[in-house]
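# Examining the three-dimensional arrangement
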Amino acid sequence: MRADPEYPHLDDAALAALAPETLAVAAGRPERGTDSPVNPEIVLSSTFVGLGGVGEGARGYARFSNPTWEPFEDAVGKLEGAPLPALLFSSGMGAVAAALGLVPVGGVLVAPRHSYSGTLGLAQLKAERGELTLLEVDIEDIGATVAALDGADVLWVESPTNPMMEVADLPALVAAAHASGVLVVVDNTFSTPLGQKPLGVGADVVVHSATKYLAGHSDVLLGVTVTADEQLRARLHQHRTLHGAIAGPVEAWLGLRGLRTLALRVERSQATAGELARRLDAHPAVSRVRYPGLPSDPGHERAAAQLAGFGSVISIELDGAEAADAFVGRVALWLPATSLGGVESTIERRRRHLAEPHTVPDGLVRLSVGIENVEDLWDDLRQALDSGR
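Before going into details, it helps to say that this report is about the structure given with it. Counting restarts for each chain, with residues numbered from 1 along the sequence as it is written. It should be noted that, the model being predicted, local features are given only for residues of pLDDT at least 70 and side-chain atom pairs only at 80 or more, the latter also being counted only at that level, while totals for whole chains, interfaces and linings use all residues. With hydrogens and water stripped out, all remaining heavy atoms of the structure feed into the side-chain values.

## What about the nonpolar core?
Where we set the bar: Each nonpolar core is a collection of buried residues, namely Ala, Val, Leu, Ile, Met, Phe, Trp, Tyr and Cys, held together in the definition by side-chain atoms within 4.5 Å. Burial classification: accessible surface area is computed with a 1.4 Å probe over protein chains only, and a residue below 20% of its type maximum counts as buried, one above 50% as exposed, and the rest as partly exposed. Secondary structure follows DSSP: runs of H or I at least 4 residues long count as helices, runs of E at least 2 residues long count as strands, and numbering of each begins at the N terminus.
Core analysis: the largest hydrophobic core is formed by 32 residues, its most contacted members being F72, V76, L88, L214, V224, V226 and L259. Elements with a contribution of two residues or more to this core: helix 2 (20-26), helix 3 (69-79), strand 7 (223-227), helix 10 (249-259) and helix 11 (262-282). At 5 residues, helix 3 tops the list of elements feeding residues into this core. Of all hydrophobic cores here, the second largest spans 26 residues; its members include V289, V328, W334 and V369.

Structure, rendered in structure tokens:
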């Protein structure tokens, strides 16, 4: 379907002027014409017809390119404020692996000690193989992190961190890294592009587990990288192509459909998370709450200055692993499951994962707040906490 010149359309400049919540709905739409579809089509093909040279702009083969990926890539790129489309991967770890591939062989990676366990696990495996040197830092400590940048190649940032909810001074770290010639990769999964746009403060690459908030329904595995640098994008694209870390077209289509409601889901879950964090902080069975929206949280001032919202993830600490496991086992509405960012509220003791860093407390429970009624969610948490006292 060709675009009909009689139908107005939003060009890139017009899309860039839209509010993010509007952009999530409007970006990645097919061109308008009489009887044109409102949504992109799903293209189920492993190869494409062509006579010219493959790799010179031709689509060629479905491991190189697929038209179903492109609307999602375009929309996420625009949401992150990038002049280039994002790159879609088969999973969050596929995107993480591509970004870690930017560390040269024998190079130095600086990463938060409380990064996502999959990210740390892959980085540690690369270090064990001699592919890189890994320096783990307390990302809240600007001085220690900047000191570790001497001789480094890539700085990896999570803010807030998973699952400790530590908040980094992202602008300061980006400036210090670039002054030392260090690339900066930011995992923006927790905050989403609605909460912060790391490229806007100079980060080189943004990574998302699009399985989480971007897709938002716990039904697909997807990952995304975004950059404003054409050479970096080409390297990430090459990694995706040669490692085969490609998304299925149906998953890509579902991911874009989920993205349309991102603003509504984040607004609802974030408001609920703030209220639940306040109530949990007052409950005698909870020894500590980490949520940057609480004025008492160590990361509150930074988060208030840098983020457009405090997010939908809360970490609480109970009196050891036994108490935490019992608590999780008593909830009826919250789903005891890993992952986060879906419409449903999930809960888990993080140290049940053997790969979780030992500095994460045994009794730490991570809560991903969904879109359910706040009172229903609180009643379930309260009965589980009260019955354990």
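## Side note on a nonpolar patch on the surface
How we decide: To count toward a patch, a residue needs a relative accessible area above 30% and no salt bridge. Like charges then connect within 9 Å, nonpolar side chains (Val, Leu, Ile, Met, Phe, Trp, Tyr) within 5 Å. Here, Shrake-Rupley sampling with a 1.4 Å probe gives the accessible areas, and only protein chains in the shown set may cover a residue. Any carboxyl oxygen of Asp or Glu within 4 Å of a side-chain nitrogen of Lys or Arg constitutes a salt bridge here.
A cluster of nonpolar residues, I42, L44 and V250, forms a patch on the protein surface that exposes about 270 Å² of accessible area. Among the structural elements, L44 can be located in the loop between helix 2 and helix 3.

## Section: the sheet that holds strand 11 (residues 346-349)
Where we set the bar: Two strands pair if DSSP finds at least two bridges between them. Residue contacts are defined here by distance: any two heavy atoms, one from each residue, within 4.5 Å place the two residues in contact. Axes, fitted as lines to C-alpha atoms, cover a helix only where it is in contact. Angles between the N-to-C directions of the axes lie from 0 to 180 degrees.
The 5 strands are arranged 8-9-12-11-10 in an open sheet whose pairing can be described as mixed. At either margin of the open sheet sits one strand with a lone partner, and together these are strand 8 (288-290) and strand 10 (335-336). Summarising the sheet, strand 8 and strand 9 (residues 313-317) pair through 3 bridges and their orientation is antiparallel. The partner of R290 across the bridge, within strand 9, is S315. Set on the sheet, helix 13 (residues 320-330) makes contact with strand 9, strand 10, strand 11 and strand 12 (364-368); between it and strand 11 the angle comes to about 155 degrees.

## Brief notes about the pattern of salt bridges
Counted by the stated rule, this structure contains 20 salt bridges. A salt bridge links D325 to R349; the nearest nitrogen and oxygen atoms lie 2.8 Å apart. Of the two residues, D325 sits in helix 13 while R349 sits in strand 11, which places them 24 residues apart along the sequence. Looking at D325, the relative accessible area reads 38%, which means it is partly exposed. Residue R349 is classed as buried on the basis of its relative accessible area, which comes to 12%. The salt bridge involving E356 is made with R350; its shortest N-O contact spans 3.0 Å. Assigned by exposure class, E356 and R350 land together as buried. By sharing partners, the salt bridges in this structure join E348, R350, R352, E356 and R366 into a single network.

## Here's the deal with the packing of helix 11 against helix 14 (residues 374-386)
Counted only if it meets this: Comment on the angle field: the value is read as roughly parallel under 35 degrees, roughly antiparallel over 145, roughly perpendicular from 65 to 115, and oblique elsewhere. Left-handed describes a crossing whose near helix is turned anticlockwise from the far helix through less than a right angle; right-handed describes the clockwise counterpart. Charged residues are taken to be Asp, Glu, Lys and Arg, nonpolar residues to be Ala, Val, Leu, Ile, Met, Phe, Trp, Tyr, Cys and Pro, and polar residues to be all remaining types, Gly included.
Where helix 11 meets helix 14, the axes come as close as 10 Å, and the angle between the chain directions of the two elements is 25 degrees. Overall, the two elements helix 11 and helix 14 adopt an arrangement that is roughly parallel. Handedness of the helix 11/helix 14 crossing: right-handed. Between helix 11 and helix 14, the contacting residues are T272, E275, L276, R279 and L280 on the first element and V374, E375, L377, W378, L381 and L385 on the second. Classifying every residue of the contact of helix 11 with helix 14 gives 7 nonpolar, 1 polar and 3 charged.

## Side note on the pairing of strand 9
The buried fraction of strand 9 amounts to 5 of the 5 residues, a majority that puts the element mostly inside the structure. Residues of strand 9 alternate between two faces, with V313, S315 and E317 on one and I314 and I316 on the opposite face, all of them buried. Alignment of strand 9 against strand 12, held across 5 bridges, turns out to be antiparallel. For S315, the partnering residue across the bridge sits in strand 12 and is R366.

Take it as geometry only, folks, not as evidence of what the structure does.
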